[in-house]
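# Understanding the architecture of this molecule
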Amino acid sequence: MTKAQRVNRVKNTLYSEDELLRRLGEIEMIEDSNIRNATIRTFMDGCPDYFWTAPTSSTGKYHSDDECGEYGNLLHTKRVFAEYCNISDSYVEAELITEQAQECGKAAALIHDMMKYGWPSERSNHTVSNHDLIGEDVAIHIGECPRLVGDLVAAHNGPWADGPTPTSPHEWLFHTADKSASGIHEDSRAVYCASDELLEEWPEVHIIES
Ligand SMILES: [Fe+2]
Ligand SMILES: [Fe+2]
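The structure contained in this document is the topic of the report that follows.

Basis of the calculations
- Residues numbered from 1 in each chain as written.
- Chains lettered and ligands numbered in written order.
- Predicted model: local features only at pLDDT ≥ 70, side-chain atom pairs only at ≥ 80, totals over all residues.
- Heavy atoms only, no water.
- Donors = N, O, S within 2.8 Å, 3.2 Å for Na, K, Ca; no water.
- Helix = DSSP H or I, 4+ residues; strand = E, 2+ residues; numbered from the N terminus.
- Buried < 20%, exposed > 50% of the residue type's maximum accessible area, 1.4 Å probe, protein only.
- Tetrahedral: all angles 85-135°; square planar, octahedral: opposite > 155°, others 65-115°.
- Phe/Tyr/Trp six-rings, centres within 6.5 Å; stacked < 30°, edge-to-face > 60°.
- Lys NZ or Arg CZ within 6 Å of the ring centre and 35° of its normal.
- Core = buried A, V, L, I, M, F, W, Y, C linked by side-chain atoms within 4.5 Å.
- Contact = heavy atoms within 4.5 Å.
- Axes fitted to C-alpha atoms, helices over the stretch in contact; angles between N-to-C directions.
- Parallel < 35°, antiparallel > 145°, perpendicular 65-115°, else oblique.
- Left-handed = near helix turned anticlockwise from the far one by under 90°.
- Nonpolar A, V, L, I, M, F, W, Y, C, P; charged D, E, K, R; others polar.
- Patch = residues over 30% accessible without salt bridge, like charges linked within 9 Å, V, L, I, M, F, W, Y side chains within 5 Å.
- Areas by Shrake-Rupley, 256 points an atom, 1.4 Å probe, with all protein chains shown as cover.
- Salt bridge = Lys/Arg side-chain N within 4 Å of Asp/Glu carboxyl O.
- Lys, Arg positive; Asp, Glu negative; His and termini not counted.
- Charge placed at Lys NZ, Arg CZ, Asp CG, Glu CD.

## Focus on the coordination of the iron ion (ligand 1)
Bound to the iron ion (ligand 1) are the protein donor atoms Asp113 (OD), His131 (NE2) and His156 (NE2), situated 2.2 Å from the metal. For the iron ion (ligand 1), all donor residues lie on one chain, and their spacing in sequence is D-x17-H-x24-H. Separating the iron ion (ligand 1) from the iron ion (ligand 2) is a gap of 3.7 Å, which aspartate 113 spans by donating to each of them. Here histidine 156 lies in the loop between helix H7 (147-154) and helix H8 (169-180) and histidine 131 lies in helix H6 (residues 131-142), a separation of 25 residues in the sequence. In this structure histidine 156 comes out as buried when scored by relative accessible area, which is 0%.

Quick look at the structure:
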């Protein structure tokens, strides 16, 4: 039994697949049944309780206010999934990635921050910088996900955490989707400098505080 299987055997309140799909309906948007089933297995057998209710940032850094509150990690996960689906369509159309690879990316988007606070047995009150590598471990050894899912999860933090820095265009895309969906500017429609014409036309335009 691997460490992933050993420490995650307990501490999972998911009592049925229906309950999982109610909380995370995005799983049903994975069309490839093998990848969908691996995603379901990863959550049913590997997801710590904290994933469902914890903030995605324990310090208030790098994420929008709503993602730093209760259920923030779940909200962030759903945003990353939506962002990834939107941007990756262009990569599929340009044949930079295959549809199969995109399916792996959808699974990785749902799994990428599952282990944000580390192994449940280590009871961390803070997010941990190796959650990318732990997430990879859980996806591969508990969920038996395809290798690409593990690679995307491992590199999702780009150059910022413990996992490897992305190398392929797909890994960079995945990291960018995560970063861009984190809502650090509160509003993805906000701008740095609003000129007078813009302010006159849209007085409510959101401005990024720098
Ligand atoms: Fe992360
Ligand atoms: Fe994330």
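## Concerning the coordination of the iron ion (ligand 2)
Every protein donor of the iron ion (ligand 2) is listed here as His76 (NE2), His112 (NE2), Asp113 (OD) and Asp178 (OD), and their distances to the metal cover 2.1 to 2.2 Å. Coordination geometry of the iron ion (ligand 2): the four donor atoms subtend angles of 84 to 174° at the metal centre, consistent with an arrangement described as irregular. In primary-sequence terms, the residues that donate to the iron ion (ligand 2) follow H-x35-H-D-x64-D.

## Topic: the packing of aromatic side chains
Inspection of every chain in the model, using the stated rule, returns five aromatic pairs. On the basis of an interplanar angle of 65° and a centroid distance of 5.6 Å, the ring pair of phenylalanine 43 and phenylalanine 51 is categorised as edge-to-face. For the ring pair phenylalanine 43 and tryptophan 52, a centre distance of 6.0 Å and an interplane angle of 45° mean the geometry is tilted. What makes phenylalanine 43 buried here is its relative accessible area of 0%. Members of the aromatic cluster, joined through ring pairs, are Phe43, Phe51 and Trp52. If you follow arginine 23 out to its NZ or CZ, it ends over the ring of tryptophan 52, 4.8 Å from the centre.

## Things to note about the nonpolar core
Grouped together as the largest cluster of nonpolar side chains are 45 residues, with contacts concentrated most on Ile27, Phe43, Trp52 and Val149. Of all elements in the fold, only helix H2 (17-23), helix H3 (33-46), helix H4 (72-93), helix H5 (99-111), H6, H7 and H8 reach the threshold of two or more residues within this core. Examining the composition of this core, we find that seven residues originate from one element, H5, more than from any other. With near-sequence residues (within four places) excluded, valine 149 lies in contact with Cys104, Ala107, Ala108, Ile111 and Ala139.

## Some points on the packing of H4 against H5
Look at H4 against H5: their axes get within 9 Å of each other, and the N-to-C directions meet at 165°. On the basis of the axis angle, H4 is roughly antiparallel to H5. The element H4 and its partner H5 pack so that their crossing is right-handed. Between H4, through Thr77, Val80, Phe81, Tyr84, Cys85, Ser88, Asp89 and Val92, and H5, the contact on the second element is made entirely by Glu99, Ala101, Gln102, Gly105, Lys106, Ala109 and Leu110. Considered class by class, the residues forming the contact of H4 with H5 number eight nonpolar, four polar and three charged.

## Thoughts on a negative patch on the surface
Residues Asp196, Glu197, Glu200 and Glu201 make up a contiguous surface patch of negative charge. Tracing the chain through its elements places glutamate 200 in helix H9 (residues 196-201).

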